[in-house]
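Here is how the chains run, residue by residue.
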2 protein chains.
Amino acid sequence: MTIIRPAFSRRMFLGGTAAASGIVTLGLPLAATSAAAAPTPSPDYGPAPGVAKLNANENPYGPSPSAIKEMYEASKLGAYYVGASVPMLKSMIAERYGISPEQVSFSAGSSGVLTYIAMAAGAKGNVLGPDLFWDTTARMGTRHGGELVRLPKNEDLSIDLDAMYDAITDDISLVQITNPNNPQGTVLDGEALRAFCKKASQKVTVLVDEAYNELTDKPEYYSVIDLVKEGYDVIVARTFSKIYGLAGMRVGYAISSPENAAMIASYGLGDYALNQAGVAAAVASYNDLGFLEMSKSKIVEAREMVAAGVKSVGLTALPSSTNFMFVNLGSLNAETFRQKMAQRNVLIRGIYGSYTNWSRVSMGRLEHVQMYIDALPAVLDEMGA
Amino acid sequence: MTIIRPAFSRRMFLGGTAAASGIVTLGLPLAATSAAAAPTPSPDYGPAPGVAKLNANENPYGPSPSAIKEMYEASKLGAYYVGASVPMLKSMIAERYGISPEQVSFSAGSSGVLTYIAMAAGAKGNVLGPDLFWDTTARMGTRHGGELVRLPKNEDLSIDLDAMYDAITDDISLVQITNPNNPQGTVLDGEALRAFCKKASQKVTVLVDEAYNELTDKPEYYSVIDLVKEGYDVIVARTFSKIYGLAGMRVGYAISSPENAAMIASYGLGDYALNQAGVAAAVASYNDLGFLEMSKSKIVEAREMVAAGVKSVGLTALPSSTNFMFVNLGSLNAETFRQKMAQRNVLIRGIYGSYTNWSRVSMGRLEHVQMYIDALPAVLDEMGA
């Protein structure tokens, strides 16, 4: 993107302050105000045309038309701090799960609540997680106390829940699981996870990040929100960033006991981290089944395309319950693969941790997924596969 | 506001999952999906008609038309995490002050960065502030370490900078000043504050919250951003919530040394706390002098109206350099005053700390400010003034 120097249509005189004195109201330096007149250009809000952005697990079919309409209405009142729309959204979420509104903690994306939970845990001990999961917030939260302790790597990239339970030593204050997991895309069996949570939560708080739950084939079965209701020390994180197609609007939340909600509130900005447009979009989208069905069916279609595409070039991918897939490159290097794809305007992820031959690709629009598939033979050929 | 139960137009069938099995895709419980069809209503995003909302220092003339237009464009791409628009905004801010972009730290409103700075300070010692200032973030930040230490109360509600310097003992790790101050509305002399900051920052980090700077008559004179440039250990917080009329869109920032920016980044979510619409609005508004001039002139007009109004009923207000005024109620109770005003659809603030007879009123639209003025005689009469 080209950054064009902001300029000003005229000098600012107000309240009798003379620009000649070197003091301009609003604090605009004279040098800037004397620049040639030119409007501030609109920045780019999304990927450039012709670029397949498959690197951030976004749902490019969003926001839903209903959300866009409500964002427009809400943005006109963007001068006011969020008000009645927040308790409304909180009530909608609470009602769906049969919990009380005070069990719902908002933040600007679920990153916020996930980070606060890790900070609280870090102040008391260490956070235990699988070898490979979406650990960004656990790493952020433990920067000022505690450590992120990881399970040993499993060759099949699964999470061994028995090993995880055995790893809950006295210095662990939080267990975190991403389900479905990221970047793997695989989902833990609901009953197995439920049994683990019941047992583990007797010892420590269990945090389950369910960002991709709505993309599985059995969302209720895979979710452990019922355990929160039953009083287990379990916290579930959810987001409007994935299937709801609102990553850029920053609305996420935790579902927990009122006590854990108070703990989360003691770190964050609470509802004031939310913006008018984001809340409006979330309210409009939450029950927009037409949009959600359409998005899910497109994502499922894209997954089938990728599975067939990688198979046709002799590769395999893990079975995905999400809007991304983890592709086994065999002996090839995932970072080189990423660079070669980027040269063809296909943006994907590079190496995760020690998984040097695994590559994550997100399900964008079908035409962009097709660009990925079309690029595969030439990229593999260049890499000497 | 009435909360209407969200309902669904039809059940959700996708991927062959049978609703009869009790498992519905997207995790919507059967009870909810079988509810009668009705659309989710739009919530209220602003104050109800006929209500004078003068309790939150918002600029009701915002967002600017240019911001509303850009929010609409950006919200259509709300499926994507914020991208190129953030470095663009950062560059615009950095350019105005002649600093480097890495000296600008964003958060969802300046509350974010203010809280992180207080957390960092709390981990090392205590935060020193005036008796009365906007202390919300200092209190939030020190909940898990450190304390907020306050200067003694001054009868004239001013900040004694000499006393503040003397109060910087070894256990103080941060001095925080809000300038102009809130709820007083008064501004510290620029040269006096600059001299204080130069001296105090030799001992501890000095944080100056300049949320209302653009509303003063000499913004450059009152700001200490120049001291950041000169290398003093000073951090300045700024926001798009006040004169820019974007309180509900959550864009604020700190200006600091690269080292302090790294410290701030170690707590927050960084740029990912921002939303597409908010950034778009900030970019569009930052140099929209027509809108900013208009807003400022309306706010100045409202201040003159309030000053004349309170004078006509025998009260006084502190001279304000902001979009709110602090009114001396003499022997009357500010909370009772607030309640009586609320009965007349005029929303203002109640008691701050031990200032039981001081009342803050924000400059809303002129017709709303007029409602406040019109209500004054009857309210005072009821209170036996």
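Each remark here, short or long, concerns the structure printed above.
Quantities reported herein were computed from a predicted structural model and do not represent experimental measurements. (Residues numbered from 1 in each chain as written. Chains lettered and ligands numbered in written order. Predicted model: local features only at pLDDT ≥ 70, side-chain atom pairs only at ≥ 80, totals over all residues. Heavy atoms only, no water.)

Student: So what's going on with the sheet that holds strand E6 (residues 205-209) of chain A? Which residues, and what values?
Tutor: Hydrogen bonds between backbone atoms are what pair the strands of a sheet, whose relative direction is either parallel or antiparallel. Residue and element names in this part refer to chain A. Spatial strand order, E2-E8-E7-E6-E5-E3-E4: seven strands in an open sheet with mixed pairing. Here the strands that pair on one side only, and so sit at the sheet edges, are strand E2 (104-107) and strand E4 (148-150). The sheet shows a mean angle of 25 degrees between the axes of neighbouring strands, direction not considered. In the sheet, strand E3 (residues 126-129) pairs with E4 via three bridges, with the strands oriented parallel. Bridged to Gly-129 within E4 is Arg-150. Together, E2, strand E7 (234-239) and strand E8 (252-255) form the strand contacts of helix H3 (residues 85-97), whose direction differs from that of E2 by roughly 135 degrees. (Pairing = 2+ DSSP bridges. Helix = DSSP H or I, 4+ residues; strand = E, 2+ residues; numbered from the N terminus. Axes fitted to C-alpha atoms, helices over the stretch in contact; angles between N-to-C directions. Contact = heavy atoms within 4.5 Å.)

Student: Residue-level account of the environment of Phe-106 of chain A, with values.
Tutor: Residues and elements named next belong to chain A. Relative to the assigned elements, Phe-106 resides in strand E2. We classify Phe-106 as buried; its relative accessible area is 4%. What Phe-106 contacts, discounting residues up to four positions off in sequence, is Val-86, Leu-89, Lys-90, Ile-93, Val-113, Val-251, Gly-252, Tyr-253, Gly-270, Asp-271 and Leu-274. (Buried < 20%, exposed > 50% of the residue type's maximum accessible area, 1.4 Å probe, protein only.)

Student: Let's hear about the pattern of salt bridges: which residues, and what values?
Tutor: A side chain with one charge may pair with a side chain of the opposite charge, provided their charged atoms come close. Applying the stated criterion to the full structure yields 26 salt bridges over all chains. Residue Asp-135 of chain A pairs with Arg-150 of chain A through a salt bridge whose shortest N-O separation is 2.8 Å. Taken as a pair, Asp-135 of chain A in the loop between E3 and helix H5 (136-141) and Arg-150 of chain A in strand E4 lie far apart in primary sequence, 15 residues in all. Take Arg-150 of chain A: its relative accessible area is 35%, and that puts it in the partly exposed class. Arg-139 of chain B is paired through a salt bridge with Asp-135 of chain B; the nearest N and O atoms lie 3.0 Å apart. Of the residues examined, Asp-135 of chain B reaches a relative accessible area of 10% and is grouped as buried. By sharing partners, the salt bridges in this structure join Asp-135, Arg-139 and Arg-150 of chain A into a single network. (Salt bridge = Lys/Arg side-chain N within 4 Å of Asp/Glu carboxyl O.)

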